[in-house]
Amino acid sequence: METALYVVATPIGNLRDITLRALEVLAAADVIAAEDTRNTAHLLSEHGISAKNKLIAVHRHNERGAAEKIIAKLQAGESVAFVSDAGTPAISDPGALVVQAVRAAGLRVIPVPGASAVLAALSAAGLSEPHFLFYGFLPNKSAARRTALHALASYPCTLVFYEAPHRIVECVADLCAVLGGERQIVLAREITKMFETLHACVLREAEAWLKSD
């Protein structure tokens, strides 16, 4: 296996949504850098891959320091697979700092693509607009969130946001206030999981649906 940092996409819910190549890389890598080693150990176990002495933790709070350890392992000739809890590392998840540091050190980074919550939701949303902007998470506070939304209001494309369950009602209220009640929204949650839901409505109806569900 080539000495490199392999950025490996993992399932967003259903553990079978992993590529054959990802399984090969995870099995062959000398080291697996994981956002949560417990979650990754479970994934590996489900696919018959031993995690013994391979896992190291890389998350938001230690990413810079962990990058130095990963670089040292790569310089020693080891291969490193990097995974987040779900989906693709560095996409609204830790990883960008590690990749940046590895590239700056002159070492190779190899993407191993796979599951994506953004693309899975868009594929089943039925929105015909050919362009989309993936924004990720909006600001936590309403005032800052509305400021961000005002800057996006004139964009001629589908807007894609992530939001935490405990903020979704307030977020939808701000979306309605800034973007207008007649704009269509598709709410996607638990994609690929048992309680998968995709609900389409106009923004003025979304808050009531969330509160009733």
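Look above for the structure.
Note that the coordinates shown come from a computational prediction; the quantities given were computed from them, not determined experimentally.

Colleague: Describe the sheet that holds strand β2 (residues 31–34), and please don't skip the residues or the numbers.
Modeller: An order of β3-β2-β4-β1-β5 is seen for the 5 strands of this open sheet, with the pairing classed as parallel. Looking at which strands have only one partner, the edges of the open sheet turn out to be β3 (55–57) and β5 (109–112). The mean inter-strand angle of the sheet, taken between neighbouring strand axes irrespective of direction, is 25°. Where β2 meets β3, 3 bridges bridge the pair, whose relative direction is parallel. Bridging from a neighbouring strand, Ile 32 pairs with Leu 55 of β3. Where helix α2 (residues 37–46) meets the sheet, it contacts β2, β3 and β4 (80–83), and its direction lies at approximately 150° from that of β3. Helix-sheet contacts for helix α3 (residues 63–75) involve β1 (5–8), β2, β3 and β4, and the interaxial angle to β4 is about 150°.

Colleague: Give me the side chain of Thr 197: which residues, what numbers.
Modeller: Structurally, the position occupied by Thr 197 is in strand β9 (residues 197–202). A polar contact is formed between the side chain of Thr 197 and the backbone oxygen of Phe 195, at a distance of 3.1 Å.

Colleague: Now, about unusual backbone geometry: what can you tell me, with residues and values included?
Modeller: In this model, Glu 190 sits at a positive phi of 55°, which is unusual for a non-glycine residue. By the secondary structure assignment, Glu 190 is in the loop between β8 (184–189) and β9. Its identity is not glycine, yet Thr 192 carries a phi of approximately 75°, on the positive side. Tracing the chain through its elements places Thr 192 in the loop between β8 and β9.

Colleague: Could you give an account of the packing of α3 against helix α4 (residues 96–104), naming the residues involved and the relevant values?
Modeller: Axis separation between α3 and α4 bottoms out at 9 Å; the angle between their running directions is 40°. In terms of orientation, α3 lies oblique with respect to α4. The element α3 and its partner α4 pack so that their crossing is right-handed. Judged by residue contacts, Glu 63, Arg 64, Ala 67, Ile 70, Ile 71 and Leu 74 of α3 engage Ala 96, Leu 97, Val 98, Ala 101 and Val 102 from α4.

Colleague: Lay out the pattern of salt bridges in plain terms, naming residues and giving numbers.
Modeller: Scanning the model with the defined rule gives 8 salt bridges in all. Between Arg 146 and Asp 174 there is a salt bridge, with its nearest N and O atoms 2.6 Å apart. Here Arg 146 is found in helix α6 (residues 142–152), whereas its partner Asp 174 is found in helix α7 (residues 168–179), with 28 residues between them in sequence.

Colleague: Break down the packing of α6 against α7 for me, with residues and values.
Modeller: α7 packs onto α6 with a crossing angle of 40° between their chain directions and a minimal axis gap of 10 Å. Comparing the axis directions of α6 and α7 gives the class oblique. As α6 runs across α7, the sense of the crossing is right-handed. Along the contact surface, α6 presents Ser 142, Arg 145, Arg 146, Leu 149 and His 150, while α7 presents Glu 170, Cys 171, Ala 173, Asp 174, Leu 175, Ala 177, Val 178 and Leu 179. Of the residues that constitute the contact of α6 with α7, the class distribution is 7 nonpolar, 2 polar and 4 charged.

Colleague: A description of the environment of Lys 52 should follow, citing residues and the corresponding values.
Modeller: Tracing the backbone shows Lys 52 in the loop between α2 and β3. The exposure class of Lys 52 is exposed, given its relative accessible area of 66%. Between the C-alpha atoms of Lys 52 and Val 172, which are 120 residues apart in sequence, the distance is 44 Å.

Calculation rules
- Residues numbered from 1 in each chain as written.
- Predicted model: local features only at pLDDT ≥ 70, side-chain atom pairs only at ≥ 80, totals over all residues.
- Heavy atoms only, no water.
- Pairing = 2+ DSSP bridges.
- Helix = DSSP H or I, 4+ residues; strand = E, 2+ residues; numbered from the N terminus.
- Axes fitted to C-alpha atoms, helices over the stretch in contact; angles between N-to-C directions.
- Contact = heavy atoms within 4.5 Å.
- Polar contact = N/O pair within 3.5 Å; in protein donor to acceptor, adjacent residues only side chain to side chain.
- Parallel < 35°, antiparallel > 145°, perpendicular 65-115°, else oblique.
- Left-handed = near helix turned anticlockwise from the far one by under 90°.
- Salt bridge = Lys/Arg side-chain N within 4 Å of Asp/Glu carboxyl O.
- Nonpolar A, V, L, I, M, F, W, Y, C, P; charged D, E, K, R; others polar.
- Buried < 20%, exposed > 50% of the residue type's maximum accessible area, 1.4 Å probe, protein only.

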